[in-house]
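An overview of the molecular structure
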Amino acid sequence: MVDAFTELDLPLADRREGKVRISWTLPRDEAGERRLFVTTDRLSAFDRVLAGVPYKGQVLNQLSAWWFERTQDIVANHALGAPDPNALVARCAKPLPVEVVVRGRITGVTDTSLWGMYSTGERVLYGHRFPDGLQKNTPLPKPIVTPTTKAEAGGHDEPITVAEVTERNLVEPALWSQVTEVALALFQRGVEIGDDAGLILADTKYEFGLSPDGDLLLIDEVHTPDSSRWWVAETLEGRLAAGEEPESLDKEVVRRAYAELGYTGHGPTPKLDESVWTQTSDRYIDAYERITGDPFVAGNQPVAPRLIQRLREAALL
Ligand SMILES: Nc1ncnc2c1ncn2[C@@H]1O[C@H](COP(=O)(O)OP(=O)(O)O)[C@@H](O)[C@H]1O
Ligand SMILES: [Mg+2]
């Protein structure tokens, strides 16, 4: 395996460190305030960074770019250009303080997942009433929006109802209604394109922001295996019938490996077998190829010197 790309230092201002992305302010141009987002190979689960997975950053960055292009008729987005396989130049936005999760299926492995709560008998979740008799991993009557507040670094996101978003003045009502409408339309687009690729989009998370002009922008990443659960359609029915979990193209492999060890995000993180990480790298690449229908072309390694070279060529450094 090649080395994972997990750290980068650039001589740019206002560095911000996310769990997966590092971003910096770029000098403004005619597009206004811009930020450079570099997607690393870091893998986060249970709200913490657990490992580096080779090529994951490139997959996420290029897959998001692919989806931004294919959803811009629904909502404007922050993407301006990709100077390197791991980098995105984006419009600077003021992020809305909620993560907009859309779910088409009832699933999850942790106690706080939709399935976890439903299976213990709860029938009102995120303010939505659920019918009796739903089976794990099957479709919901229709896709629903289940917002969570954005936690500060190290904290866990808190689930809230659709109504609480406006009751708590997190987002102004007219804007929130636009956001939920857009999120459901984006999800529908993801389901349709996935369907053509033999994939099922079980659920996903969107982030939105406001441009300096006050326009709604889709920001962050979209329909990647990090923000979404993608399942292989062909094997789903057989697996569910056999009482097995779906074949997923996302970090569910990692989440499940931890769940099998009884780890749900609390206390010290147990060590997983090396094969979990190689398989995860292959899965991310597989996801890219299945969704886009294009072969994945690995960028030159190691990532950091290549990226710096590309940024210089693009006159960003
Ligand atoms: N266009 C944008 N303008 C400002 N902030 C953004 C934009 N796009 C994404 N972000 C923020 O940058 C961060 C991306 O890094 P990431 O590693 O995904 O963070 P996190 O640990 O919060 O998931 C997120 O906090 C996201 O809200
Ligand atoms: Mg993120």
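Residues numbered from 1 in each chain as written. Chains lettered and ligands numbered in written order. Predicted model: local features only at pLDDT ≥ 70, side-chain atom pairs only at ≥ 80, totals over all residues. Heavy atoms only, no water.

Description of the overall build of the chain
Per the secondary structure count, the chain includes eight helices and 16 strands. Against the 2.2 N^0.38 benchmark of 20 Å for 317 residues, the chain shows a C-alpha radius of gyration of 19 Å, consistent with a compact globule. Here the C-alpha coordinates of the chain stretch approximately 60 × 50 × 40 Å along the principal axes. For the chain, the residues scored as buried account for 50% of the 317 residues in total. Restricting the contact set of the chain to residue pairs at least 6 apart, pairs at least 24 apart contribute 61%. In the chain, 34 positive and 49 negative side-chain charges are present, and the distance between their average locations comes to 2 Å. (Helix = DSSP H or I, 4+ residues; strand = E, 2+ residues; numbered from the N terminus. Rg over C-alpha atoms; globule rule 2.2 N^0.38 Å. Buried < 20%, exposed > 50% of the residue type's maximum accessible area, 1.4 Å probe, protein only. Contact = heavy atoms within 4.5 Å. Lys, Arg positive; Asp, Glu negative; His and termini not counted. Charge placed at Lys NZ, Arg CZ, Asp CG, Glu CD.)

Examining the site of ligand 1
Around ligand 1 sit 14 residues, and of these Lys19, Val20, Arg21, His78 and Glu207 come closest. Arginine 21 places a main-chain nitrogen or oxygen 2.6 Å from an oxygen atom of ligand 1. For ligand 1, the accessible surface in isolation is 550 Å², of which the surrounding protein chains cover 82%. Each of domain 1 (13-94 + 274-313) and domain 2 (95-241) gives at least three residues to the shell around ligand 1. (Near = heavy atom within 4 Å. Polar contact = N/O pair within 3.5 Å; in protein donor to acceptor, adjacent residues only side chain to side chain. Areas by Shrake-Rupley, 256 points an atom, 1.4 Å probe, with all protein chains shown as cover. Domains from an automatic or database assignment.)

Considerations on helix α1 (residues 56-71)
Between its first and last C-alpha atoms α1 spans 22 Å; for 16 residues at 1.5 Å apiece the expected length is 22 Å, and the two agree. All of the buried residues along α1 are Lys56, Gly57, Gln58, Val59, Leu60, Asn61, Leu63, Ser64, Trp66, Trp67, Phe68 and Thr71. (Expected span 1.5 Å × (residues − 1).)

Quick notes on the domain arrangement of the chain
Looking at the chain, the domain boundaries give domain 1 (13-94 + 274-313) and domain 2 (95-241). Using only C-alpha atoms to locate each centre, domain 1 and domain 2 end up separated by 21 Å. Tallying the contact residues gives 27 residues for domain 1 and 32 residues for domain 2. Across the domain 1 to domain 2 interface the summed buried area is about 2,600 Å²; carbon plus sulfur atoms make up 64%. Counting across the domain 1 and domain 2 interface gives three salt bridges. There are twelve residue pairs in polar contact (both at pLDDT 80 or more) connecting domain 1 and domain 2. (Buried area = accessible area lost by both parts, 1.4 Å probe. Salt bridge = Lys/Arg side-chain N within 4 Å of Asp/Glu carboxyl O.)

Things to note about the nonpolar core
What tends to happen in soluble globular proteins is that the nonpolar side chains get buried as a cluster. By size, the foremost hydrophobic cluster in this structure holds 53 residues, and its most contacted members are Val100, Tyr206 and Phe208. Here the element with the most residues in this core is helix α4 (residues 173-196); it accounts for eight residues. Residue assignment places this core across two domains, with domain 1 (13-94 + 274-313) and domain 2 (95-241) each supplying three or more. Apart from the residues lying within four places of it in its own chain, the contact partners of tyrosine 206 are Glu99, Val100, Val102, Ala183, Leu186, Phe187, Leu218, Val222 and His223. By size, the runner-up hydrophobic cluster in this structure holds 15 residues, among which are Leu10, Leu26, Leu36 and Leu316. (Core = buried A, V, L, I, M, F, W, Y, C linked by side-chain atoms within 4.5 Å.)

A closer look at the pattern of salt bridges
Scanning the entire structure with this criterion turns up 23 salt bridges. The shortest N-O distance in the salt bridge between aspartate 14 and arginine 35 comes to 3.0 Å. Linking aspartate 14 in strand β1 (residues 13-17) with arginine 35 in strand β3 (residues 32-39), this pair joins segments that are 21 residues apart in sequence. The partner of arginine 28 in a salt bridge is glutamate 33, with the nearest N and O atoms 3.2 Å apart. On the basis of relative accessibility, which here comes to 58%, the residue arginine 28 falls in the exposed class. Taking relative accessible area as the criterion, glutamate 33 reaches 33% and is therefore assigned partly exposed. Members of the salt-bridge network, linked through shared partners, are Glu7, Arg15, Glu17 and Arg42.

Some details on the packing of helix α6 (residues 252-260) against helix α7 (residues 274-292)
Where α6 contacts α7, the axes come no closer than 9 Å and their chain directions differ by 155°. With respect to their mutual orientation, α6 and α7 come out roughly antiparallel. Mapping the contact onto sequence places Val253, Val254, Ala257 and Tyr258 in α6 and Val276, Trp277, Gln279, Thr280 and Arg283 in α7. Split by residue class, the contact of α6 with α7 holds six nonpolar, two polar and one charged. (Axes fitted to C-alpha atoms, helices over the stretch in contact; angles between N-to-C directions. Parallel < 35°, antiparallel > 145°, perpendicular 65-115°, else oblique. Nonpolar A, V, L, I, M, F, W, Y, C, P; charged D, E, K, R; others polar.)

Overview of the packing of α1 against α4
Their axes nearest at 11 Å, the elements α1 and α4 cross at an angle of 110°. In terms of their interaxial angle, α1 and α4 are classed as roughly perpendicular. In the packing of α1 onto α4, the handedness of the crossing is right-handed. Counted together, Trp66, Trp67, Arg70 and Thr71 of α1 and Leu186, Arg189, Gly190 and Ile193 of α4 form the full contact between these two elements. Classifying every residue of the contact of α1 with α4 by side-chain character gives four nonpolar, two polar and two charged. (Left-handed = near helix turned anticlockwise from the far one by under 90°.)

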